[in-house]
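Fold and contact review
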Amino acid sequence: QVRLAESGGGLVQAGGSLRLSCTDSGRTFRSYAVGWFRQAPGKEREFVASIVWSTGSTDYADGVKGRFTISRDNTKKMVSLQLNNLAPEDTAVYYCAAKVASSASFASWGQGTQVTVSS
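Predicted model, so just to flag it, every value in this text is computed and none were measured.

**Some thoughts on the state of the cysteines**
By the definition in use, this model includes 1 disulfide. Note on cysteine connectivity: C22 is disulfide-linked to C96, with sulfurs 1.8 Å apart. Around the S-S axis, the bridge from C22 to C96 shows a dihedral of about -70° and counts as left-handed. Of this pair, C22 sits in strand β3 (residues 18-24) while C96 sits in strand β9 (residues 92-100); the two residues are 74 residues apart in sequence, bridging distant segments of the chain. An identical accessibility class is assigned to C22 and C96; each is buried.

Now the structure itself:
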């Protein structure tokens, strides 16, 4: 069973940076794809970025391309999301999710970490 935990959220001023991390306790992501999603107050949850662990292939939502970077660390068994040049509209709860790479949908979700960007 995949058990995900996010860390690294916080409060930052516009233009600042944060780094979010996602780990799966006791396992590796070897055959998985790991994604980051976010949900702002009153809005639907939306896709942010994803990475296929085995190949390193990445995908990003248009609104974060060039600002956010998803990466994996084989040693730490961790997927990170670097958030740069943050804007108030990036304020949301950010969730880590995982799926078997060949699956259509993400089946395992973390509890989320709050990112708040002040103007």
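**Regarding the sheet that holds strand β1 (residues 4-7)**
In space, the 4 strands of this open sheet follow the order β1-β3-β8-β7, with antiparallel pairing throughout. A single partner strand is all that each edge strand has here, and the edge strands are β1 and β7 (68-73). Neighbour to neighbour, the strand axes of the sheet diverge by 20° on average, direction disregarded. Pairing analysis gives 4 bridges linking β1 to β3, with the strands arranged antiparallel.

**Some thoughts on the environment of L20**
On the secondary structure map, L20 appears in strand β3. Residue classification places L20 among the buried residues on the basis of a relative accessible area of 0%. As for L20 and G10, which are separated by 10 residues in sequence, their C-alpha atoms are 9.5 Å apart. For L20, the contacting residues outside a window of four places in its chain are S7, G8, G9, W36, V79, S80, L81, L83, Y94, T113 and V115.

**Section: the environment of T75**
Residue position: T75 is located in the loop between β7 and β8 (78-83). C-alpha of T75 to C-alpha of G8: the two residues are 67 residues apart in sequence and 19 Å apart in space.

Reading the values: rules and limits
- Residues numbered from 1 in each chain as written.
- Predicted model: local features only at pLDDT ≥ 70, side-chain atom pairs only at ≥ 80, totals over all residues.
- Heavy atoms only, no water.
- Disulfide = S-S within 2.5 Å.
- Helix = DSSP H or I, 4+ residues; strand = E, 2+ residues; numbered from the N terminus.
- Buried < 20%, exposed > 50% of the residue type's maximum accessible area, 1.4 Å probe, protein only.
- Pairing = 2+ DSSP bridges.
- Axes fitted to C-alpha atoms, helices over the stretch in contact; angles between N-to-C directions.
- Contact = heavy atoms within 4.5 Å.

None of the figures reported here should be taken as evidence of function without further support.
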